[in-house]
Amino acid sequence: MLNVNSRPLDLMDKVRQFGIIMAGYPATRSDGNGACRRNFRIIFHRGYMENVNSFAYILIGVAGLLLSGIIASKASDKLGVPALLLFLAIGILAGSEGLGGLHFDYPNLAQTLGVFALAFILFAGGLDTKFSDIKPVFWKGLALSTIGVTLTAVFTGLFAHYILGISLIESMLIGAIVSSTDAAAVFAVLRSRKVKLKDHLKSLLEFESGSNDPMAVFLTTGLIAIIAGRGASFTSLIPSLIVQMLIGGIIGYFFGKASIFLVNKLRLGYEGLYPVLTISLLLLCYGSSVLSGGNAFLAVYIAGMVLGNSEILHKRSLFSFHDGLAWLMQITMFVTLGLQVFPSQLLQIAKAGLLISVFLMLVGRPLSVFLSLSLSRMPPGEKLFVSWVGLRGAVPIILATFPLLAGIPEAGRIFNIVFFIVVTSALLQGTSIPFLAKLLHLNKRDMPAPKSMLISNIKNWLTEIHIAGGSALANKRIVDLNLPQRILFILVARKEEIFVPNGGTLLQVDDKVLVAAEKDDILPLIQMGKPGPSKVLRKRT
């Protein structure tokens, strides 16, 4: 390996690692016999090969951590514990005080990776959120993600002030950091234990967890600005909150609509380019929101919701891609945050961390939930369940790096306390969620599947439609027809070719199309394939 001083690497150190020692390279290309040129090539070759070997070790290490994360996700399903615990454990074991011995103390890098990963995770969460599901629980979820988060921060901050003896505003910062919940951790546990919640309860938890992160980020950054003396005050937080949420919401909606237009209208030649397109739009959405003074996390979440609730090309493959990307981001984020932790420091705050965590689980979160939902008619049992499943996840740990970078006096202590709260919350609450759902009778009862089904009970009919010139179907893509989802295009016969169409398939004159539709839609569909005006099929409400 190249000999490099123990001081932090500067640019020239990095250049020397690659063996490109430009300072010693003479202006003349040769001394007459080519000696200088040969020396340079030898130096470059040795440095390059040594650097390639180092890079190979890095690739192997990264691959090993990712593979361990994938295996851990499988183990979490078997053990019934949130995967984030195992991801964090991998990072800790690989860290400086673990078996791997990798020294990692770069809160700036950890925060950057965490924020970057969280943007993709929230976008994927928005894609999976259906307007039809959140509409019945919208106001309840909004109350939990705003009033509930604020009350959780206040109650937890007051208790932390009493336990830790630090200033009130610093203790409020701890409350703000741990005020948001993690939907992914909750539903990973429910899925692994095969627990199905009632539809409205599941939708409420999903909507709250997906929408409360922006509020926690706002409270955290606002309190840090006050502590750091940047001219902020408590009275200025409310107007700032309204402005950030409005700008973030508008930008998110705009980019969601822009994504729909571009995905459906660009007609890219390769299906693999569509995920690249959505990634670029996601990054544009996040960056534009930051530069405009909006809440970027809210923007990407809304953009994902708008896109996910629309008819777009390659919808299934795009959803699968972003789901896999979200998993990659989760593994990367939690392993990195695990590397940032020093277990020996956790022992010093274990008692205080455990007391704050227990208070948050048994008092702070339940009290905020019951107060936020005091005007709703939800049964007490459901409110109690919502209170208990408020698992802490990625966002609190990421937010705990903000005080470190801002130079807050108690930043190191705050980070360790927050990490301890996240671990105990996932461990204690995560493992008991299935039992509590069963105890409170909140499981969804599945209807028994019929033993047999007669053909007469099937509502859909199969029919063949011949597309004539001048018809409503000719020379149009299926996605542009805006037909109800109950109509399915199964096969297209075009000359000697038979293929399965998708939303981007352009229907041509003389095509024969096999369509599955309900009986009442058959005649209008046949008429649409004939020349002249035809009845418009509309979506049922």
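Residue positions are given per chain, counting from 1 as you read along its sequence in written order. Restriction of local features to residues with pLDDT of at least 70 applies here, the model being predicted, together with a cutoff of 80 or more for giving and counting side-chain atom pairs; totals for whole chains, interfaces and linings are based on all residues. Only heavy atoms go into the side-chain values, all of them from the structure, while hydrogens and water stay out.

## Comments concerning the packing of aromatic side chains
Aromatic rings from Phe, Tyr and Trp, taking only the six-membered ring of Trp, are treated as a pair when their centres fall within 6.5 Å; an angle between ring planes under 30 degrees marks them as stacked, one over 60 as edge-to-face, and anything in between as tilted. Taken as a whole and judged by the stated rule, the model has eight aromatic pairs. Taken together, a centroid distance of 5.8 Å and an interplanar angle of 65° make the contact between Tyr286 and Phe297 edge-to-face. Of this pair, Tyr286 sits in helix α12 (residues 273-291) while Phe297 sits in helix α13 (residues 296-308), and the two are eleven residues apart along the sequence. Accessibility here uses a 1.4 Å probe with only protein chains present; expressed as a share of the type maximum, an area under 20% marks a residue as buried, one over 50% as exposed, and anything in between as partly exposed. Residue classification places Phe297 among the buried positions, given a relative accessible area of 7%. Members of the aromatic cluster, connected to one another through ring pairs, are Phe138, Trp139 and Phe207. Comment: elements are numbered from the N terminus, with helices defined as DSSP H or I runs of at least four residues and strands as E runs of at least two.

## Some thoughts on the pairing of strand β6 (residues 512-518)
Within a regular strand, side chains alternate between the sheet's two faces. Of all the seven residues making up β6, five are buried; the element is thus mostly covered by neighbouring parts of the structure. Where strand β3 (residues 488-494) lies against β6, five bridges are found, and the strand directions are antiparallel. Pairing of Ala493 across the sheet is with Lys512, part of β6. At least two bridges found by DSSP between two strands are what make those strands a pair.

## Notes on the side chain of Arg365
With respect to the element layout, Arg365 can be found in helix α16 (residues 350-372). Residue Arg365 is classed as buried on the basis of its relative accessible area of 4%. Pairing of N or O atoms within 3.5 Å defines a polar contact, subject to two protein rules: one partner must be a possible hydrogen donor and the other a possible acceptor, and residues neighboring in sequence count only if both atoms are side-chain atoms. There is a polar contact of 3.4 Å between the side chain of Arg365 and the backbone oxygen of Ser387. The contact definition used throughout considers only heavy atoms, calling two residues in contact when any of these lie within 4.5 Å. Every residue in contact with Arg365, bar those within four places of it in the chain, is listed here: Thr152, Thr181, Glu208, Leu360, Val386, Ser387, Gly390 and Arg392.

## Details of a nonpolar patch on the surface
Patches draw on residues past 30% relative accessible area with no salt bridge. Two like charges within 9 Å are joined, as are two nonpolar side chains (Val, Leu, Ile, Met, Phe, Trp, Tyr) within 5 Å. The protein chains shown are the only cover counted for residues, whose accessible areas, like all others here, come from Shrake-Rupley with a 1.4 Å probe. Any Lys or Arg side-chain nitrogen found within 4 Å of a carboxyl oxygen on Asp or Glu counts as a salt bridge. A surface patch of nonpolar side chains, amounting to about 480 Å² of accessible area, comprises Leu354, Val358, Leu362, Val363, Leu367 and Leu371. Relative to the elements of secondary structure, Leu367 occurs in helix α16.

## A word on the packing of helix α6 (residues 138-164) against helix α10 (residues 213-227)
Helix-helix packing is described using two parameters, namely the angle between the two axes and the distance between the axes. For the pair α6 and α10, the least separation of the axes is 9 Å and the interaxial angle reads 45°. As the angle between them shows, α6 and α10 are arranged oblique. Considering only the axes of α6 and α10, their crossing is right-handed. Counted together, Ser145, Thr146, Val149, Thr150 and Ala153 of α6 and Met215, Ala216 and Leu219 of α10 form the full contact between these two elements. Here the contact of α6 with α10 is built from residues that sort into five nonpolar, three polar and no charged. Here an angle of 0 to 180 degrees is reported between the N-to-C directions of two axes, which are lines fitted to C-alpha atoms, with helices fitted over the stretch in contact. Our angle categories are set so that under 35 degrees counts as roughly parallel, over 145 as roughly antiparallel, 65 to 115 as roughly perpendicular, and the remainder as oblique. Less than a right angle of anticlockwise turn of the near helix away from the far helix marks a crossing as left-handed, whereas a clockwise turn marks it as right-handed. Residues are grouped as follows: Ala, Val, Leu, Ile, Met, Phe, Trp, Tyr, Cys and Pro are nonpolar; Asp, Glu, Lys and Arg are charged; all remaining types, including Gly, are polar.

## Description of the environment of Ile242
With respect to the secondary-structure elements, Ile242 resides in helix α11 (residues 234-265). Judged by its relative accessible area of 47%, Ile242 is partly exposed. Residues Ile242 and Gly294 lie 52 residues apart in sequence; the distance between their C-alpha atoms is 9.6 Å.

## Considering the pattern of salt bridges
It is possible for side chains bearing opposite charge to pair when their charged atoms get close. All told, the structure shown has six salt bridges when counted by the stated rule. Between Lys202 and Glu206 there is a salt bridge whose closest N-O contact spans 2.9 Å. Placement of the pair is Lys202 and Glu206 together in helix α9 (residues 199-211), with a separation of four residues, close to one helical turn. Given a relative accessible area of 24%, Glu206 falls into the partly exposed group.

## Re helix α7 (residues 168-177)
Within α7, eight of the ten residues are buried, which leaves the element mostly enclosed by the surrounding structure. Within α7, burial applies to Glu170, Ser171, Met172, Leu173, Ile174, Gly175, Ala176 and Ile177. At its buried positions, α7 is contacted by α6, α10, α18 (394-406) and α19 (411-439).

## Thoughts on unusual backbone geometry
Peptide bonds are mostly trans, and most non-glycine residues show a negative phi. Phi is positive for Arg267, close to 55°, though the residue is something other than glycine. As for its placement among the helices and strands, Arg267 is situated in the loop between α11 and α12.

## With respect to the confidence of the model for the protein chain
Per-residue confidence from the predictor is reported as pLDDT, which spans 0 to 100. Of all residues in the protein chain, 82% attain a pLDDT of 70 or more, and the chain-wide mean is 80. Note that residues 1-44 has pLDDT below 50 and, in this model, 28 contacts with residues that lie over four places away or in other chains. Here residues 449-457 is modelled with pLDDT under 50, and outside its nearest four sequence neighbours on either side it reaches one contact, counting other chains as well.

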